Amino acid sequence: MTERDRQLLRDIEALLASSEHQDNPLKAPLEALYRRHTEQLERLDRMASISDGFQRNVKSDLSTAERRLERQQRRQHKLSRIADGYQELLFERKQTLESEVMLDPLTKIPNRRGLHTELRRLMAASSRQQRPFTLAMVDIDHFKRFNDEHGHDVGDQALLVVAKVLDDTLRGGDIVGRWGGEEFLIALPGASLWAAEPLFERLQAKLRTTQVVSDDSLTLTVSIGAAEHRHDETYEQTMNRADQALYQAKRNGRDRWEAAE
Ligand SMILES: Nc1nc2c(ncn2[C@@H]2O[C@H](COP(=O)(O)OP(=O)(O)OP(=O)(O)O)[C@@H](O)[C@H]2O)c(=O)[nH]1
């Protein structure tokens, strides 16, 4: 209500109260009109204040809800960060476990399972690129006697030495692993049997002079059986031929290499 409206009401109130209008026939209906009007104004005031209160409540409910939502979003964000970190950790653990399952615990080179994985990859790549590859079984000579004479720990040391010499002598991209016991397998991608020959000679020469234990002249020798993969056979068949060649190398006196038929 404006100040002018208020003044008008005050004027009407004064006129109704004035003695000179006591007998005016308009006084009674005007008084009734005035009362009705002021009652309506009061009602309007009450409604306005109810509506203000309602609006204040709605505003405060809204800001409480907003704060709660923000808190929840922050919590959710934190939880999803924790979940992400946890997943990463699980993934790393899985990777570590998977790679550990593929490694020989003593020499840390691929074990038989790891070799199978690598050989499958080699097969696929070689047939795609139509390149040859050669497999060779490398077996320590008289290892039982070696163990018996020098003890199992020195035997383990010998296995480490062979693994290291193989690893050091091969090129990057070549595959070396422990097939089992005192037997190692090497795979030479892109190499024909003829091209692999100098490598076998070099390996055997190196092992003949490598000391198994430092400050000790103890050395060992290995026999090697090698086979070049034929395009129509599986790698297991190539390995079988290499194994037969190894058997032949043992029969022919050890510390030598033989090529498969
Ligand atoms: N120290 C040690 N010895 C092992 C390990 N795995 C297998 N051996 C031993 O390797 C020896 C293999 O013996 P054989 O299969 O008879 O072969 P070998 O004595 O090397 O004879 P040839 O192969 O015919 O020259 C066994 O005495 C096994 O106990 C190992 O992890 N550590």
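Residues numbered from 1 in each chain as written. Predicted model: local features only at pLDDT ≥ 70, side-chain atom pairs only at ≥ 80, totals over all residues. Heavy atoms only, no water.

The name given to the chain in an unreviewed UniProt entry is diguanylate cyclase, with the source organism recorded as Halomonas litopenaei.

Visitor: Residue-level account of the pairing of strand β3 (residues 183-189), with values.
Guide: Within a regular beta strand, the side chains point alternately toward one face of the sheet and then the other, so they alternate between its two faces. Where burial is concerned, most of β3 is hidden: seven out of the seven residues are buried. By the alternation rule, side chains of β3 split into Glu183, Leu185, Ala187 and Pro189 and Phe184, Ile186 and Leu188, which are all buried. Of the strand pairs in this sheet, strand β1 (residues 133-140) and β3 are connected by seven bridges, and their pairing is antiparallel. Note that in β3 the partner of Leu135 across the bridge is Ala187. Examined bridge by bridge, strand β2 (residues 175-180) and β3 share five bridges and lie antiparallel to one another. Along β3, the bridge assignment pairs Arg178 with Phe184. The turn joining β2 and β3, which pair antiparallel and follow one another in sequence, is formed by two residues; a positive phi near 50° is taken by Gly181. (Buried < 20%, exposed > 50% of the residue type's maximum accessible area, 1.4 Å probe, protein only. Helix = DSSP H or I, 4+ residues; strand = E, 2+ residues; numbered from the N terminus. Pairing = 2+ DSSP bridges.)

Visitor: I'd like a description of the site of the ligand, backed by residues and values.
Guide: Taken together, the neighbourhood of the ligand is formed by 16 residues, with His142, Phe143, Asp156, Arg178 and Lys250 sitting nearest. His152 is positioned with one of its backbone polar atoms (N or O) 3.2 Å from a nitrogen atom of the ligand. Here an oxygen atom of the ligand sits 2.7 Å away from a polar atom, N or O, in the side chain of Arg178. Across the complex, the protein chains shield 66% of the 670 Å² of accessible surface that the ligand would expose by itself. For the shell around the ligand, the secondary-structure elements that each account for two or more residues are β1, α4 (143-150) and α5 (152-169). In terms of residue class, the shell around the ligand is made up of three nonpolar, five polar and eight charged. (Near = heavy atom within 4 Å. Polar contact = N/O pair within 3.5 Å; in protein donor to acceptor, adjacent residues only side chain to side chain. Areas by Shrake-Rupley, 256 points an atom, 1.4 Å probe, with all protein chains shown as cover. Nonpolar A, V, L, I, M, F, W, Y, C, P; charged D, E, K, R; others polar.)

Visitor: Before we move on, could you go through the environment of Asn111 and cite the residues and values that matter?
Guide: Checked against the element boundaries, Asn111 lands in the loop between α2 (27-101) and α3 (112-129). Taking the C-alpha atoms as reference points, Asn111 and Trp179, 68 residues apart in sequence, are found 6.1 Å from one another. If we skip the residues at most four places from it in the chain, Asn111 touches Val101, Met102, Leu103, Asp104 and Arg178. (Contact = heavy atoms within 4.5 Å.)

Visitor: Which residues make up a nonpolar patch on the surface, and what are the values?
Guide: On the surface, Leu26, Leu30 and Leu33 cluster together into a nonpolar patch covering about 300 Å² of accessible area. Along the chain, the position of Leu26 falls in the loop between α1 (3-17) and α2. (Patch = residues over 30% accessible without salt bridge, like charges linked within 9 Å, V, L, I, M, F, W, Y side chains within 5 Å. Salt bridge = Lys/Arg side-chain N within 4 Å of Asp/Glu carboxyl O.)

Visitor: Any details on the pattern of salt bridges? Residues and values, ideally.
Guide: The tally for this structure, following the rule as stated, stands at 13 salt bridges. Between Glu98 and Lys94 there is a salt bridge, with the nearest N and O atoms lying 3.4 Å from each other. Taken as a pair, Glu98 and Lys94 lie in helix α2 at a separation of four residues, close to a single helical turn. Residue class for Lys94 comes out partly exposed when judged on its relative accessible area of 48%. The salt bridge partner of Asp104 is Arg178, with a shortest N-O separation of 3.2 Å. You can see Asp104 sitting in the loop between α2 and α3 and its partner Arg178 sitting in strand β2, a full 74 residues away along the chain. For Arg178, a relative accessible area of 15% puts it in the buried group.

Visitor: With reference to specific residues and values, describe the sheet that holds strand β5 (residues 257-259).
Guide: Whether parallel or antiparallel, the strands of a sheet pair through hydrogen bonds between backbone atoms. Pairing within the open sheet is mixed, and its five strands lie in the order β2-β3-β1-β4-β5. For this open sheet the edge positions go to β2 and β5, each flanked by a neighbour on one side alone. For this sheet, the mean inter-axis angle between neighbouring strands, taken without regard to orientation, is 20°. Lying on the sheet, α5 is in contact with β1, β2 and β3; it crosses β3 at an angle near 5°. Helix-sheet contacts for helix α7 (residues 235-251) involve β1, β2, β3, β4 (222-228) and β5, and the interaxial angle to β4 is about 140°. (Axes fitted to C-alpha atoms, helices over the stretch in contact; angles between N-to-C directions.)

Visitor: I'd like a rundown of the packing of aromatic side chains, residues and numbers included.
Guide: In total, this model carries two aromatic pairs according to the counting rule given. Summarising the aromatic geometry, the rings of Phe200 and Trp257 are spaced 4.9 Å apart at their centres and angled 55° between planes, so their arrangement reads as tilted. Taken together, the residues span a long stretch of sequence, with Phe200 in helix α6 (residues 193-209) and Trp257 in strand β5 at a distance of 57 residues. Of the two residues examined, Phe200 and Trp257, each falls in the buried class. (Phe/Tyr/Trp six-rings, centres within 6.5 Å; stacked < 30°, edge-to-face > 60°.)

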